[in-house]
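# Breakdown of the fold
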Amino acid sequence: MSAAMQELLSILDLEKLEHNLYRGRSPKLDWQRVFGGQTIAQALVAAQRTVDPDRHVHSLHGYFMRPGDTKVPIIYEVDRIRDGGSFTTRRVVAIQHGQAIFSLEAFFQAEEGGVEQQ
């Protein structure tokens, strides 16, 4: 596995701080702000860790509110909105310096058979 792939997997491996609370870090690069794709991916990882493994992401919506600081870890707070029979809903807020920098709402679905369309 390449060093770049190992670094990516390391960045996506969030530290669990508490129930529904995770900490992510940024790569050690000289960027002005956190890359948005990193924030989205880490928020989705945090949400996924609170969902049954048989449920896969169905859709998500994200909103950037402030630029992220690459020198400070990002705290991801997961709100378990709903655990239904087929769907699970999570809201994640990414926090730095005590303020929300990003918000994600993710919907997960259990694998179900049915009609397939293309």
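Use the structure listed above.
This is a predicted model, so every value here is computed, not measured. (Residues numbered from 1 in each chain as written. Predicted model: local features only at pLDDT ≥ 70, side-chain atom pairs only at ≥ 80, totals over all residues. Heavy atoms only, no water.)

### Observations regarding the nonpolar core
The biggest cluster of nonpolar side chains holds 17 residues, and the ones touching the most others in it are Y76 and V92. Mapped onto this core, the elements with two or more residues apiece are helix 2 (36-48), strand 4 (74-83), strand 5 (87-96) and strand 6 (99-110). (Core = buried A, V, L, I, M, F, W, Y, C linked by side-chain atoms within 4.5 Å. Buried < 20%, exposed > 50% of the residue type's maximum accessible area, 1.4 Å probe, protein only. Helix = DSSP H or I, 4+ residues; strand = E, 2+ residues; numbered from the N terminus.)

### What to know about the sheet that holds strand 1 (residues 15-18)
Here 6 strands make up an open sheet; going across it, the order is 1-2-4-5-6-3 and the pairing antiparallel. What marks the edges here is a single partner per strand, and that holds for strand 1 and strand 3 (55-64). On average, each strand axis in the sheet is inclined to that of its neighbour by 25°, with strand direction left out of account. Of the strand pairs in this sheet, strand 4 and strand 5 are connected by 8 bridges, and their pairing is antiparallel. (Pairing = 2+ DSSP bridges. Axes fitted to C-alpha atoms, helices over the stretch in contact; angles between N-to-C directions.)

### A word on the environment of I74
With respect to the helices and strands, I74 occurs in strand 4. Setting aside residues no more than four positions away along its own chain, I74 makes contact with Y22, R23, G24, V34, Q38, T39, Q42, A94, I95, Q96 and I101. (Contact = heavy atoms within 4.5 Å.)

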